[in-house]
Structure formats: C-alpha cells, structure tokens
Amino acid sequence: MIKTLLLSAAAVAIGPASGSVAVVTADGDKNRPVTKVITLLKDMQKQLQKEADEDEAIYDKMACWCQTNDREKTEAIKTAEVRIDGLTTKIEELTAGSARLNTEIKNLEKEIAENQDSLDKATAIREKQLAEFNAEEKDLLESISALKAAITMLSKHNGGTGFLQIRNTRLMGVAATLQNEMTKHSSLLQGVLTHAERRTADSFIKAPADYFDAAPTFKQSYAPQSGEIFGILRQMLETFESNLSASQKEELANQQAYGELKAAKEDEIKAGQAQIDSKTGELADTDEKNAQAKVDVDDTKASLSADEQFLSMLKEKCSMADKEWEERQKTRQLEMEAVSQALAVLSGDDAHDLFTRTFNPSFLQRSSSSSSSSDRRSAASALLARVAERLHSPRLATLAYNLKLDAFTRVKKAIDDMVTQLLKEQEDEVKHKDFCTGEFNTNQLQTEKKERTKEDLLASIEDLEMTIDELAKAIDELNAEIAEMQVQLKRAGEDREKENAEFQTTVADQRETQKLLKTALQVLGDFYNKKTASLLQRQEPAGPPPPAGFETYKNNAGSGGVIQLIQQIISDAKAMEAEAIRSEEDAQKAYEDFVKETNASIEAKSKDIVEKSEVKARAEGDLVETKEAKEAVILELEQLSNYNAQLHQSCDFVLKNFELRQTARDEEVEALRQAKAILSGAKFEEFLQKV
C-alpha cells in the first residue's frame, strides 16, 4: 500500500516539475495528479482509522489483562500476608509447646528414675530382710528342735520315769544343747532368765551327771532337780517360739508392705512411661507441624515476593500502556484532522473548478496563467508540512514535499531515513524472534528438567513416608515386646519368690523331721544297744536273804522294726531334702538364665529401638528437606509457567506473523528505493510498465 502511495506522490511531483503544461488526451484524465492526491489522502484516512481500531483492540486486551492480574495478585498478596501472620503465630505457639513438652518429658524421666531408684533400694532392703529372716528362722527352728528334744528326754524323768535309765551321755547332750542355745541367743534371752535360773543352768552345764545326784535339803520336799532344768528349757522354748512367731508375722508384714510399695512404684513408673510415650508422640507431631509451618512461611514469603515483583512490573507496564495509548490516540486524532483538512482543501468545488481549468489544454497559455493553481498547491503543501512537522509523520511529510516542485533532495533524505528505520526494525524483529525461540526452548528444557526433579522428589517422599511408617510400626512392636518381656520377668520373679518360700518351708520341715527322728533314734539306740541291763544291782546289807528278784529283762520284740522304720524315714527325708535342694538349684539356675536372656533380649531390642529411632529421625529430617525441595521445585515450575505466559504475550504475534511482516517490510523498502530512483531521474513510464 505504501508503494502505491509513494508512486502516486512521485507522479504528482513529476507532472508540475517539467515546467510546461501536461497534455492529456482523454477527458477522464484532466485532473489526474490532483485526483491521485485526493485518493491518497482518502486511503490515508482509512489506514489511520484501521490503525486506530487495531490500537483500541490491543489496548482493550491490555486493559483486561492489567485489571485481571492486578485484582488477582492484590488478593493473592493480601492472602499471603494473612497466611504469614497466622503461620508466624502458629510457629511461636508450636515452639512454646515443644519447649513445654521437652520440659515435661525431662521431669517425667527424672520422676521415673527416682521411682525406679526407690524401688531398687526397697528391693535390696527386702532381699536383705528376707535373707536375715531365712537365717533367723532356720536358726530358731534348729534351736526349737533341739530344745524340744532335750525337753522330751527330761520330761520322762520329770514325769516319774526312772531317771537312772538316762545315761550320762544324754545328760551331757542336753547340757551341751542348753549351753549352745544360751550362748547363741544370749541377747534374745536377756531379761528372760533370772540370775538364779542362769546359775542353775550353769551348774547343770558344768556337771550334768552330778547335778542330779545331789539330795534335796531338809526344807525341800522331794522334787527332782531336773524340774528346774525342765522349766528353764520350756521357758527358752516358749521364748524362741514366740520370737519365731513374731519374726514370721513381721516377715509377712514386710512382704505385704514391699508388695504394696512395689505395686505402687511400678504403677507410677508405668503411668510415667505412658505419659512419656504420649508426650513424645505429641512432641514429634508438634515438631513436625512446626517444621512444616516454617517451610510454609518460607514458601509463602517467596510466593509473596514473586507476586509483589510481578504486581510492580504489571503496574509499571500498564501505566506505560495507558500513557502510550493516550499519546497515540491524541497524535492519531491530530493526524486524522490534518488529513481531513487537507482533503477538504483539495476536494472543494472551487478547488475542483480551479484544477479543471488548470489542467485543461484549452486554458493553458503561459506558465504565468497557472499562478493561482500553484498558490493553492503551495498552500496545501504548507498546511501538510506544518502538521507533518508537528506530528513527526513521514507520510504527511512525503506528500507535502511531493507537492513542491523543488523538494526532491529532502524527499530523498526522508526516503533514506525511512529505509534505514525499516531495516533497523527488521533487524530488531529478527533478534526478537531469535530471542523468543531461544527462550521458549530454554523454558521448555528447564520445565522438563524440573518436572523430572519433581517426580523424583515425589517418589522420594513416598519412599521416606513408607520407611518412616515401617520404622514407627517396628518401634511400636519392639516396645510392646519389651513391655511383655518386662511383665514376664516380673511374673517370673514373683513365681521364683513363691517357689523359694515353698522350698525354705519344705527344707525346714524335712530337717526338723530328721532332727526329731534322729533324737528319737538316738534315745532308742542308747537304750536298746547297751550291752548290760539298765537296772543296777546294789549290794545288799548283811541280814536275811531278799525275796525272789525280777526275771531277766528282755528288749521289746518290736524295737528293731521301729528303729529300722525311723532310719528309713530319716533316709527318705534326706532324699526329699536333697531333691528339694536340687530342684531349687535347677529352678534358681533356670530363673537366672531366663532373667539373663530376657535382659539381654530387652537390651538388644532397646538398642534396636534407639537405632531405628535414629534412622526414623534422619528419615523425617530427609522428608522435611525433600518436601521443602519439592515446594521449591513447584515454585520454580510456577515461575517458569508465568515466564512462559509472558513469552507468549510478547512473542506469539511476532512468531506467527514473522514471515508475513518480513515480506511486507521487504516490499516497503523496495518501494521506497524505487521511489527514490524515480525522484533521481528514472523514467516514470518505464517504472509504471514494470509495476
């Protein structure tokens, strides 16, 4: 189109420049030069209106884009600021909660340690008490057994049995038993025996056989002296039995008190451990939420910064677009007014008549006769020149100078400037096209790379979450197994205590049985195994002969079976005692092995829990970092997408119309160069034939 306008302008300029009148052969071509100018002005009006419509459409799109993005980004910024405030408050609350939970867990651990220490001390004291009781009980049972045996021997004499049947050896055994018990339990007998009783006992201990040979004094009725010893032994027996009963009651009370204390402490420890587990889980959840809140704050701040930058760029760009739109509208309006004024000047009736007379051969005389027409053309040219200079419009300047006869030099310079500008625009457009192509390729490559990274991070997050879940389940199972083993250990300890108590009772009963049977066996053996009769024959005094005496004394026929039966019972009791001891040793060894194995298993599982907890903590840290990396990648993808959208806004028109715009610009440049050639002296007729 510009080529046609320039050719028309050139034709107008060449016609008057010949210095003579143009001769026209046809009536329709009388006014051809001026008609072409008018046609050119009308085409310019259409072109200006078209460009105005295109600018308005572009501005409407830009205004819509500005309003939409301004509203969306402003709302996004407000939302982000509110979210940041909320997350900041949440982080402060979670941090305070985490500190509180850590303090509470430490206090609970301290309390559990104190309860465990108290339980351990109580257990040590209880074990010591039990050992002391077992020793004391054993000692008292032995003493009671010995005293009962001594009382049994003396009771026969005290009850009227012939004391002469008791041999000195048995008296010495009773004396030894009395001495041993008084020495061993001196503190227990303190205040029980009077001084007189102690002297009596000492006399008996020093000479047991002689003690019973002494005759009673004249103040005494006949009372065997064995009665005093019998009373002392009974008094000691009652003291020992009373003390044993008190010790057993005290042991039972201690055992009950320890059981209650142990149950209370274990309940406290269990409750404390349950609170620790609960608070540890709550702490982990709080720390995870705190870490996630910090990540959210950073992501939101990054998004807020990007939105603020985009909004600032948008306002600046939209403001520049508004100013440019106003300036272009104002400039184009002035240009259209100038074209309209020029068209009015050249299209009036007077101008038409004048142009008809000017270019009619019948009215052409001399060059001076066309001065009026030249003045009109000069006036129109001056008007267009002023408007073109004010608006900096190359097209108006071209028309203005084409209307002058002596303006070829400036027209050529304007054409050269236009060609230079068009070539510069063409070069810039090529660079812009290359920039767009490169940026699109780079954006696509970076987007694909980030998408792959995002997929890898999502897979890693899934693996880490699965690993953390498996570790948490494994830790829970290990804790449950440890708790079950601790329960089994506690039950085994309680069963062991019961078994040991039963063992102590069984052994004590067997030993007491053996002692009683041995005492009875000794008594029977001393009597039945003697070589001579137990009756002493005294030398009769001189006098009449005595009556017939007793027949020869014979042992009871069943004595041998009784002794053998007692010996068998003693052997059986010893065997049962040995079997009980072996069973106790086996049970104790099995219990110790069970405790050792259980403690080793608990230690191994506790170590496994620590290791798994460390792995879980590392996995949770990796999960947080991976999620942060994922959010960062998502943010980068969003930025790449926004940049891609900006590239499309900036580049789609250029890339879509690149070849068409290049071709049109080449044609425009070629038209300008041909116009310059015409103005430089080329034959216009030949050029028209080429066209």
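Residues numbered from 1 in each chain as written. Predicted model: local features only at pLDDT ≥ 70, side-chain atom pairs only at ≥ 80, totals over all residues. Heavy atoms only, no water.

Attention shifts here to the overall build of the chain. Check the secondary structure of the chain and you find 14 helices and zero strands. Out of the 691 residues in the chain, the part that is buried amounts to 31%. Within the chain, contacts between residues at least 6 apart in sequence are counted, and of these 88% link residues at least 24 apart. In the form shown here, the chain has an accessible surface area of approximately 43,000 Å², with 53% of it arising from carbon and sulfur atoms. (Helix = DSSP H or I, 4+ residues; strand = E, 2+ residues; numbered from the N terminus. Buried < 20%, exposed > 50% of the residue type's maximum accessible area, 1.4 Å probe, protein only. Contact = heavy atoms within 4.5 Å. Areas by Shrake-Rupley, 256 points an atom, 1.4 Å probe, with all protein chains shown as cover.)

This part is about the environment of serine 143. Positionally, serine 143 belongs in helix 2 (residues 32–158). Residues serine 143 and methionine 236 lie 93 residues apart in sequence; the distance between their C-alpha atoms is 9.4 Å. Apart from the residues lying within four places of it in its own chain, the contact partners of serine 143 are Glu181, Lys184, His185 and Phe240.

Next up on the list: the state of the cysteines. Tallying each qualifying case throughout the model produces two disulfides. Note on cysteine connectivity: cysteine 66 is disulfide-linked to cysteine 318, with sulfurs 1.8 Å apart. Its S-S torsion of approximately -100° makes the covalent link between cysteine 66 and cysteine 318 left-handed. Here cysteine 318 lies in helix 7 (residues 226–347) and cysteine 66 lies in helix 2, a separation of 252 residues in the sequence. By relative accessible area, which is 11% here, cysteine 66 ends up buried. According to the relative accessible area criterion, cysteine 318 is buried, its value standing at 7%. Cysteine 436 shares a disulfide with cysteine 651; S-S distance 1.9 Å. (Disulfide = S-S within 2.5 Å.)

On to the packing of aromatic side chains, then. Per the stated rule, a full pass over the model turns up two aromatic pairs. Taking the centre distance of 4.7 Å and the plane angle of 10° together, the rings of tyrosine 59 and tryptophan 325 count as stacked. Of the two residues, tyrosine 59 is situated in helix 2 and tryptophan 325 in helix 7; the sequence distance between them amounts to 266 residues. Using a relative accessible area of 21% as the deciding quantity, one classes tyrosine 59 as partly exposed. By relative accessible area, tryptophan 325 is classed as buried at 15%. Ring geometry for tryptophan 65 and phenylalanine 310: centres 6.3 Å apart, planes at 75°, overall edge-to-face. With a gap of 245 residues between them, tryptophan 65 in helix 2 and phenylalanine 310 in helix 7 connect regions that are remote in the sequence. Like tryptophan 65, the residue phenylalanine 310 is buried in the burial classification. The aromatic ring of phenylalanine 658 is capped on one face by lysine 433, whose charged end is 5.3 Å from the ring centroid. (Phe/Tyr/Trp six-rings, centres within 6.5 Å; stacked < 30°, edge-to-face > 60°. Lys NZ or Arg CZ within 6 Å of the ring centre and 35° of its normal.)

Before going further, it helps to spend a moment on a negative patch on the surface. Among the surface-exposed residues, Asp53, Glu54, Glu56 and Asp60 lie close enough to one another that they form a single negatively charged patch. In this structure, glutamate 56 sits in helix 2. (Patch = residues over 30% accessible without salt bridge, like charges linked within 9 Å, V, L, I, M, F, W, Y side chains within 5 Å. Salt bridge = Lys/Arg side-chain N within 4 Å of Asp/Glu carboxyl O. Lys, Arg positive; Asp, Glu negative; His and termini not counted. Charge placed at Lys NZ, Arg CZ, Asp CG, Glu CD.)

When the terminal C-alpha atoms of helix 5 (residues 195–206) are compared, their 16 Å separation across 12 residues agrees well with the 16 Å that a helix rising 1.5 Å per residue should span. Among all positions of helix 5, only Thr200, Ala201, Phe204 and Ile205 are buried. Down the axis of helix 5, the buried set is contained in an arc of 135°. They therefore lie on one face. Residues His195, Arg199 and Lys206 are exposed on helix 5 and point more than 90 degrees away from its buried face. (Expected span 1.5 Å × (residues − 1). Arc of directions from axis to C-beta.)

One pass over the full model with this rule turns up 28 salt bridges. Notably, a salt bridge pairs glutamate 268 with lysine 265, separated by 3.9 Å at the nearest N-O pair. With glutamate 268 and lysine 265 both in helix 7, this residue pair falls three residues apart, about one helical turn. Residue classification places lysine 265 among the buried positions, given a relative accessible area of 16%. Close ionic contact of aspartate 608 with lysine 612 constitutes a salt bridge, the shortest N to O distance being 2.8 Å. One end of the pair, aspartate 608, and the other, lysine 612, are both in helix 12 (residues 559–656), four residues apart, so they sit about a helical turn from each other. Aspartate 608 gets classed as partly exposed once you look at its relative accessible area, which sits at 24%. Judged by relative accessible area, lysine 612 falls into the partly exposed class, the value being 22%.

For soluble globular proteins, the rule of thumb is that nonpolar side chains tend to be buried together. If you look at the biggest cluster of nonpolar residues, it comprises 22 residues, and the most contacted ones within it are Leu178, Met182, Leu233, Met236 and Phe240. Counting only elements with at least two residues in this core, the list comes to helix 2, helix 3 (168–184), helix 5 and helix 7. Per-element accounting of this core gives the leading share, eight residues, to helix 7. Ignoring any residue separated from it by four or fewer positions in sequence, one finds methionine 182 in contact with Leu189, Leu193, Arg198, Ala201, Ile205 and Met236. If you look at the next biggest cluster of nonpolar residues, it comprises 10 residues, including Trp65, Cys66, Ile77 and Leu311. (Core = buried A, V, L, I, M, F, W, Y, C linked by side-chain atoms within 4.5 Å.)

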